[in-house]
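Architecture at a glance
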Amino acid sequence: MTLPPEEPRDAHEPRPAEPAGSGGPVPPAPQEPAPPREDSGNRFIDTSSGRDDGLNKCPRCGSTEIEYALGAKALVCSHCRHTWNEQNAEKLFGLDSSIAELQGHTLASGTADVREDLTMVTLKCQGCGAEVVINAEQSVQARCHWCRQTLSLNTQIPNGAVPDALLPFQLTREDAIARIEEFAGRRRTFAQRRFKEEFVPENVMGVYIPYLVVDGNMHAVLTGDGEVTTREYTVTVGSGDNKRQETRYDADVYSVQRAFDLLVDDLTVESAERFDARDNSAATNNILNAVQPYDVENAVVYNSHYLKNFTSERRDLNVRDVDHLVEEKFLSIARAKVQPTVRRYDRGVRWTGEGVAVRGTRWVSVYVPVWLYSYAESASGDSLVHYIAVNARTGTTMGSIPVSHPRIFAAACAGGTIAGIVGLVVGLLGFFA
Ligand SMILES: [Zn+2]
Ligand SMILES: [Zn+2]
């Protein structure tokens, strides 16, 4: 498994110190290198503990007829009406322990590699002993055809279909529809007529999107050259017709180094290729990014009954598929952190070496809820699909709407006409004054 490198990619020996009184918070001594971790020993957090494969029962009556009810914002047993939510995952699995103490890579069970050969999973019904096959690609639940019990895929190991934790839906479908209509309404002038006419509230789908959530304990080192203006003056250059004034600057150049510890809490990355924001062929994927953030600290322990009546995307990216992206994000967080400490370099700092030494990471697989409305711009198959997405926790709404070009033209013309009339009125007033 290729995980983030243990050593800074490009951390040089510390350069000669900056001029005295530089003011930047430079630690005097180089930091200790990350201690060696025990062999390739990744640590694992067992998030499936204490739960059997198969029957996922009501804790009061033992029924498997359970649904997530949005009205109650809880799981409801349709047999005895018992209402409950699973425990907070962070607390139960100790995911809230100090990030500063993370060493090596800690992986929750739900982040185990996706295995394509395990899309069909056979469960032994604990009700009657029958064997029932679940296609984990499409569903995590099936009914036993003998005793009608609902069987659920509860164990995270099989194939990446089962996350460690999830955030249940908070916003109702009605809330989501209202927000989508409002979002589209504000852009009504430019939206295609067909888009407005064909808005079908029934097509607003509740979807769980898989994310990998990462905590990171790292040491960042950035080195570069910073410039401070010492003089600004104008000179005359050229001669004859070509004679002109030019502004010149004198600047002192300093070697700049910043080295600091950095703790990152709950960085989220998409783990379904379909929704990978880097795929620019479908720029609408960025919409899912735009409805972030999610309050992943409130995620509850996975229970497949939360997924009933919603669709869910299966995770198909492994930790190693996204670790370079995570490292990039770590690096850009480090760059942003450094910015306030280099203000005195008024002509900027050019970073020539930058790297993060990752001391420890912790990975958890979490499903987050989104209400999604999709619309194909043209009726033909290869058309651009537009999405409006609503964060089903916070209500944040973002989307792309097919734009009608004739309408933009009409609006531009109308604007021009009004400006023309105003000009005319002002002109007349001037005339009569
Ligand atoms: Zn019950
Ligand atoms: Zn059965």
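Presented here is an overview of the structure given in this document. (Residues numbered from 1 in each chain as written. Chains lettered and ligands numbered in written order. Predicted model: local features only at pLDDT ≥ 70, side-chain atom pairs only at ≥ 80, totals over all residues. Heavy atoms only, no water.)

**Description of helix H2 (residues 173–186)**
- If you check H2, its first and last C-alpha atoms are 20 Å apart, about what 14 residues at 1.5 Å a residue would give, namely 20 Å.
- Burial in H2 covers these residues: Ala176, Ile177, Ile180, Phe183 and Ala184. For H2, the buried positions fall inside an angular range of 125° around the axis, keeping them on one side. Seen from the buried face of H2, the exposed residues on the opposite side, beyond 90 degrees, are Glu174 and Arg186. (Helix = DSSP H or I, 4+ residues; strand = E, 2+ residues; numbered from the N terminus. Expected span 1.5 Å × (residues − 1). Buried < 20%, exposed > 50% of the residue type's maximum accessible area, 1.4 Å probe, protein only. Arc of directions from axis to C-beta.)

**Quick word on the sheet that holds strand E2 (residues 54–55)**
- Spatially, three strands are ordered E2-E10-E9 in an open sheet, and the strand pairing comes out antiparallel. Of all the strands in the sheet, just E2 and strand E9 (141–143) have a single pairing partner and so form its edges.
- Across three bridges, the pairing between E9 and strand E10 (residues 150–152) is antiparallel. When the bridges of E10 are listed, Gln141 appears paired with Ser152. (Pairing = 2+ DSSP bridges.)

**Section: the pairing of strand E17 (residues 385–391)**
- For E17, the tally of buried residues reaches six of seven residues, placing the bulk of the element in the interior.
- As paired strands, strand E16 (residues 349–376) and E17 are joined by seven bridges and run antiparallel to one another. Bridge pairing in E17 places Leu372 opposite Ala389.
- Pairing geometry for E17 and strand E18 (residues 397–399), over three bridges, is antiparallel. Across the sheet, the residue bridging to Ala389 is Met398, located in E18.
- Linking E17 to E18, which pair antiparallel, is a turn of five residues; within it Gly395 sits at a positive phi near 85°.

**Quick word on the coordination of the zinc ion (ligand 1)**
- The zinc ion (ligand 1) binds to the protein through Cys58 (SG), Cys61 (SG), Cys77 (SG) and Cys80 (SG); the donor distances cover 2.3 Å.
- Geometry at the zinc ion (ligand 1) is tetrahedral, judged from the four donor atoms that bind it and their angles of 104 to 112° at the metal.
- Motif for the zinc ion (ligand 1), donor spacing along one chain: C-x2-C-x15-C-x2-C. Here Cys77 lies in strand E4 (residues 74–77) and Cys61 lies in the loop between E2 and strand E3 (66–69), a separation of 16 residues in the sequence.
- When its relative accessible area of 33% is taken as the criterion, Cys61 is described as partly exposed. (Donors = N, O, S within 2.8 Å, 3.2 Å for Na, K, Ca; no water. Tetrahedral: all angles 85-135°; square planar, octahedral: opposite > 155°, others 65-115°.)

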